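Structural overview for review
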Amino acid sequence: MRKCPTIIIDEAIRDSAIEFADYTYCWREDIGLMRVRDGVDDYEFDTPSQGRLSHILYVSHSDVRVVPTTERTLDTMEDSWRTSEAATAEWYYLLNRDTIRLALTPTTTAARALQIVATWKPIIDATELDNVFYNDHLEAISHGALMRLYGMETEEWGDANASSIRRQLFDLAKRKEKAEQLNNHTRESTLTVRSHAYW
């Protein structure tokens, strides 16, 4: 793209990857099995280099699924949940992007007992992208980046029509990949995904 500074191109690529990952769940990594300790309900987990949490897909404690909830819901449904304990947690919610809280508080210490499956997106100042973006989604990320760059209509390289075309291609790629992720890359489901405006 003529006369567009490299720093602006890099930012457009990064923003495109963030949007694509957040929408599609394409960057998926299982967090290694974690030790659960008696009387401890908060657990901090590691995040990938250059990444931050996008969505939690699955949590289990001692091979039993733990159900997502919110602190407010627990306060409404379970009067004594804050002081109650159980051998296996029933619910979880996130305190922040790298800490999960289990409820009820575990009463048993066990190694490799907490499993978390999550999806990730690049951090806002990422200097590199995970291989999944280069190996599987390079064309889609390019559409998203060009959508942004052409959308800078006051710049020399701006082109509203080209931006609109790239937006359509990017939205199509996002919907296709989201459906593939939700269908586990099989053809057994007819599930499709509607478009959602991010930009």
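Up top you'll find the structure we're talking about.
Residues numbered from 1 in each chain as written. Predicted model: local features only at pLDDT ≥ 70, side-chain atom pairs only at ≥ 80, totals over all residues. Heavy atoms only, no water.

1. Considerations on the packing of aromatic side chains
Taken as a whole, this structure holds 4 aromatic pairs when the rule is applied. Here tryptophan 27 and phenylalanine 133 contribute two aromatic rings whose centre-to-centre distance is 5.9 Å and whose plane-to-plane angle is 80 degrees, an arrangement assigned as edge-to-face. A residue pair is termed long-range when its members are at least 10 positions apart, and tryptophan 27 in the loop between helix H1 (6-24) and strand S1 (28-36) and phenylalanine 133 in helix H3 (residues 131-136) qualify at 106 residues. Overall, tryptophan 27 belongs to the buried group, its relative accessible area being 3%. Between the aromatic rings of phenylalanine 45 and tryptophan 120, the centroid separation amounts to 6.4 Å while the plane-to-plane angle is 70 degrees, which identifies the pairing as edge-to-face. In this pair, phenylalanine 45 sits in the loop between strand S2 (42-44) and strand S3 (51-61) while tryptophan 120 sits in strand S10 (residues 110-122), placing the two residues 75 residues apart along the sequence. (Phe/Tyr/Trp six-rings, centres within 6.5 Å; stacked < 30°, edge-to-face > 60°. Helix = DSSP H or I, 4+ residues; strand = E, 2+ residues; numbered from the N terminus. Buried < 20%, exposed > 50% of the residue type's maximum accessible area, 1.4 Å probe, protein only.)

2. Brief notes about the side chain of glutamate 177
Note that glutamate 177 resides in helix H5 (residues 160-182). We note that glutamate 177 is buried and unpaired, the nearest opposite charge coming from lysine 176 at a distance of 5.9 Å. A polar side-chain atom of glutamate 177 sits 2.7 Å from a polar atom in the side chain of glutamine 181. Discounting residues that sit within four places of it in the chain, glutamate 177 has contacts with Phe20, Thr24, Cys26, His137 and His185. (Lys, Arg positive; Asp, Glu negative; His and termini not counted. Salt bridge = Lys/Arg side-chain N within 4 Å of Asp/Glu carboxyl O. Polar contact = N/O pair within 3.5 Å; in protein donor to acceptor, adjacent residues only side chain to side chain. Contact = heavy atoms within 4.5 Å.)

3. Digging into the packing of helix H4 (residues 138-150) against H5
Closest axis-to-axis distance for the H4/H5 pair is 8 Å, and the angle between their directions is 150 degrees. The orientation of H4 with respect to H5, classified from their angle, is roughly antiparallel. Our pair here, H4 against H5, has a crossing hand that is left-handed. Contacts from Ala140, His143, Gly144, Leu146, Met147, Arg148 and Tyr150 of H4 reach H5 at Ala160, Ala162, Ser163, Arg166, Arg167, Leu169, Phe170 and Ala173. (Axes fitted to C-alpha atoms, helices over the stretch in contact; angles between N-to-C directions. Parallel < 35°, antiparallel > 145°, perpendicular 65-115°, else oblique. Left-handed = near helix turned anticlockwise from the far one by under 90°.)

4. Observations regarding H5
For H5, spanning 23 residues, the distance from its first C-alpha to its last is 33 Å, which sits close to the expected 33 Å at 1.5 Å a residue. Regarding H5, the residues found buried are Ala162, Ser163, Phe170, Asp171, Ala173, Lys174, Glu177, Lys178, Ala179, Glu180 and Gln181. Residues of H5 that are buried make contact with H1 and H4. Taking the backbone nitrogen of asparagine 161 as reference, a side-chain oxygen 3.1 Å away marks aspartate 159 as the first, capping residue of H5. Two residues or fewer past H5, asparagine 184 is found with a positive phi of approximately 55 degrees. (Expected span 1.5 Å × (residues − 1).)

5. Quick word on the sheet that holds S3
Spatially, the 4 strands line up as an open sheet ordered S1-S10-S3-S4, and their pairing is antiparallel. Each of the sheet's edge strands pairs with one partner strand only, and the pair in question is S1 and strand S4 (64-65). Across 9 bridges, the pairing between S3 and S10 is antiparallel. Bridging across to S10, histidine 61 finds its partner in leucine 114. Against the sheet, H1 engages S3 and S10, with an angle of about 130 degrees to S10. (Pairing = 2+ DSSP bridges.)

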